[in-house]
Amino acid sequence: MPGQLSRIVGRALLATALFVPLAPAQAAPPPAPTQTAVVPDSPRGAEVVGVKQVADRLTDLSVRSQALGGRTVNVRLLTPDGWDPADRSQHWPTFWLLHGCCGDYTSWSGTDIAKIPGLRNVLVVMPEAGWNGWYSDWWNYGAGGDPAWETFHTVELAHLLEHDWGASSNRVVAGLSMGGQGALLYAARHPGMFRAVAAYSGSAHPLLNDESVHRIMGFFAGQGNDPLRVWGDPVAQRSIWEVHDPYYLAHRLKSLPVYLSCGDGTAGPFDPPGKTDALDSDFNRQNHALAAELQRVGAKHLTTNFYGPGTHAWPYWQRELHASLPMLLQALQR
């Protein structure tokens, strides 16, 4: 297997040149923040150790996490009108918005989310998930431990937000690329936690074929990481891969409103003529496979927008966020 793994990673590293940009080109740095220390204890293994007001309705929480080995990471909140964390009686409908590979918790701030009227009555949560964390508790050769992004988000952070920051258990989730996979995984692996899910150009079926496996292994190997730490070997640890592949969890999504969208990797309305994108071409096939599997298992509320020409780029994801918002907000009953 070592020789085969070397070939897989060698081919797949070429795909990482197609990584998701940190944020849209129009994103501007936020104004200089003010900072205050906040340290409420949490019985769930995490605590908020700092708060920054970075702009109107934008607040960053610095969270020290046991699931992440005691490291401190950031979570950005887009807060609703009238939000007051000191008022423990407030519990706002909550929209988790997940970033892609090679991005971070600030990525979505470069879009127009702060200007969307429908999000002025919702608490939007944009958590850090690592440059290539893949919204997973890493296998680490069977040892587990740091990083455990799934535990951090679905246990530690969820508890903190509901206990101290005005979130409710009425939640929906969406994400792009790696975050699209994360949104689908969290909705499937934690029944009842989210009322609807949307994935934009998501990694929806990484076990689809060799190309898909090679590509995600290349991302796993980013920044000098040992790719086997994440889910193990795709053959020897296939069972671990399958429980992190939305296609194999379709039966757990069939009762939820699900929105899937992706371009086909050819030049679209936001691209220069002649541009091609192997990443969205692959993800497009993966999303079609997931959609077919959802239909096969009897999904009740599936919406797809496989819009043809389009690449792995922010203008498409911003457009798809707007397109999916009515479904997401309806699930929140807003």
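Since the model is a prediction, treat every value here as computed from it, not as a measurement. (Residues numbered from 1 in each chain as written. Predicted model: local features only at pLDDT ≥ 70, side-chain atom pairs only at ≥ 80, totals over all residues. Heavy atoms only, no water.)

Describing the overall build of the protein chain
Point 1. In terms of helices and strands, the protein chain carries 8 helices and 10 strands.
Point 2. For the protein chain, the residues scored as buried account for 58% of the 334 residues in total.
Point 3. Looking at the protein chain alone, contacts between residues at least 24 apart form 71% of all its contacts between residues at least 6 apart.
Point 4. Carbon together with sulfur atoms contributes 53% to the accessible area of the protein chain, which is approximately 13000 Å² in total. (Helix = DSSP H or I, 4+ residues; strand = E, 2+ residues; numbered from the N terminus. Buried < 20%, exposed > 50% of the residue type's maximum accessible area, 1.4 Å probe, protein only. Contact = heavy atoms within 4.5 Å. Areas by Shrake-Rupley, 256 points an atom, 1.4 Å probe, with all protein chains shown as cover.)

Looking at the side chain of Glu293
Point 1. Considering the arrangement of structural elements, one finds Glu293 in helix 7 (residues 278-296).
Point 2. By relative accessible area, Glu293 is classed as buried at 12%.
Point 3. Ignoring any residue separated from it by four or fewer positions in sequence, one finds Glu293 in contact with Tyr247 and Ala250.

With respect to the packing of aromatic side chains
Point 1. Under the definition given, this model contains 16 aromatic pairs.
Point 2. A centroid spacing of 5.7 Å and a plane angle of 10 degrees characterise the contact between Tyr307 and Tyr316, whose relative ring orientation is stacked. Pair check on accessibility: Tyr307 and Tyr316 agree, each one buried.
Point 3. Taken together, the ring pairs in this structure connect Trp108, Tyr200, Tyr259, Trp314 and Trp317 into an aromatic cluster.
Point 4. Stacked on the ring of Tyr307, the Lys or Arg Arg319 has its end atom at 4.6 Å from the ring centre. (Phe/Tyr/Trp six-rings, centres within 6.5 Å; stacked < 30°, edge-to-face > 60°. Lys NZ or Arg CZ within 6 Å of the ring centre and 35° of its normal.)

Brief notes about the pairing of strand 9 (residues 257-262)
Point 1. Extensive coverage of strand 9 is indicated by the burial of 6 of its 6 residues.
Point 2. Of the two faces of strand 9, the one holding Pro257, Tyr259 and Ser261 and the one holding Val258, Leu260 and Cys262 are both buried throughout.
Point 3. Bridging between strand 8 (residues 197-200) and strand 9 involves 4 bridges; their strand directions are parallel. Across the sheet, Ala198 pairs through a bridge with Tyr259, a residue of strand 9.
Point 4. Of the strand pairs in this sheet, strand 9 and strand 10 (residues 301-306) are connected by 6 bridges, and their pairing is parallel. Bridge pairing links Pro257 to His301 in strand 10. (Pairing = 2+ DSSP bridges.)

Observations regarding helix 3 (residues 178-189)
Think of an α-helix as 3.6 residues a turn; residues three or four steps apart then line up on the same face.
Point 1. Under the 1.5 Å per step criterion, the end-to-end length of helix 3 is 16 Å for 12 residues, consistent within 8% with the ideal 16 Å.
Point 2. Most of helix 3 is tucked away: 11 of the 12 residues are buried.
Point 3. Met178, Gly179, Gly180, Gln181, Gly182, Ala183, Leu184, Leu185, Tyr186, Ala187 and Ala188 are the residues of helix 3 that are buried. (Expected span 1.5 Å × (residues − 1).)

Everything listed here is a matter of geometry and, on its own, says nothing about what the molecule does.
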